[in-house]
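Commentary on secondary and tertiary structure
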Amino acid sequence: MIVSKQLERMNAVVVFRSDGFSVPDNAAFSALYPGPAGKGMRFVEDQITRTSVLSVPSLRLVFAVEGNRFRVDDDSGQDPGSSPLPDHFRQALEGLFPGARPESYGFNFDVYFRFGSVLPSGAVFRSFVSDEIFRERDLRDVGVQFTMERNGGAQRETYFIKFVDPLEIAVHANIHVPSEDIPSSDGLRARLAAAYNDIEGVVNTLKLNA
């Protein structure tokens, strides 16, 4: 039984079509937050790796362009249903990429779940390996990754689940939506909250009885 859940971080991501895409200039990043919200902003650019990163400490947000991929990280730990991430994500898209064409968007979450009883990480591992592997080795970590699709590929979900403590698992969830249309702020907030709530539903389906 889950006794607590902690959201460590989440982000919203968009991948643009490479044709016609160009990295925004530095001035465009600076213009995102010209007032008090921009106090302490830091901007780093690496032309070799085609990476641009803007950190906004006052909002606990990080904006990153990696090739033709753009993401906004929210490290505030706020509940997705009330997080301002969708608003800032939409604002950044309009300010930095007014003419770019998306090909997909999605979300990433890092969530820790704590349980009321010891988790059978060893039994989980032994369910798909033979005892031969333990002759000269000891088990230290266990992780499981899987990808599933919804509605014939309209949404792809990848989960990586790692046992990090006798009572705790860490879940990284990636939600990928192949679409040229990015929802409005309210639409993104609804999808962000739904995707986050789905994680606990997935965790509850795991067979974690010792």
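Another aspect to go through is the sheet that holds strand β2 (residues 42-46). The sheet built from nine strands is open, its strands ordered β2-β3-β4-β5-β1-β6-β9-β8-β7 with antiparallel pairing. Every other strand in the sheet has two partners, leaving β2 and β7 (142-150) as the edge strands with one partner each. Going from strand to strand, the sheet's axes swing by 15 degrees on average, the running direction of each strand aside. In this sheet, strand β6 (residues 102-115) lies alongside strand β1 (residues 2-16) in antiparallel orientation, the contact comprising 13 bridges.

Helix length check: helix α4 (residues 185-204), at 20 residues, gives a terminal C-alpha distance of 29 Å against a target of 28 Å (1.5 Å per residue), a fit within 8%. Listed in full, the buried residues belonging to α4 are Ser185, Leu188, Arg189, Leu192, Ala193, Ala195, Tyr196, Ile199, Val202 and Val203.

All right, on to the pairing of β6 then. The buried count for β6 comes to ten of 14 residues, which makes it a mostly enclosed element. Alignment of β6 against strand β9 (residues 168-177), held across ten bridges, turns out to be antiparallel. Bridge pairing links Phe109 to Ala173 in β9.

Once that is clear, we can look at helix α2 (residues 85-96). Compared with the 16 Å implied by 1.5 Å per residue over twelve residues, the 16 Å span of α2 between its first and last C-alpha is a close match. Turning to α2, its buried residues are Leu85, Pro86, His88, Phe89, Arg90, Ala92, Leu93 and Leu96. The secondary structure elements touched by the buried residues of α2 are β1, α1 (26-30), β4 (61-66), β5 (69-74) and α4.

Procedures and definitions
- Residues numbered from 1 in each chain as written.
- Predicted model: local features only at pLDDT ≥ 70, side-chain atom pairs only at ≥ 80, totals over all residues.
- Heavy atoms only, no water.
- Pairing = 2+ DSSP bridges.
- Helix = DSSP H or I, 4+ residues; strand = E, 2+ residues; numbered from the N terminus.
- Axes fitted to C-alpha atoms, helices over the stretch in contact; angles between N-to-C directions.
- Expected span 1.5 Å × (residues − 1).
- Buried < 20%, exposed > 50% of the residue type's maximum accessible area, 1.4 Å probe, protein only.
- Contact = heavy atoms within 4.5 Å.

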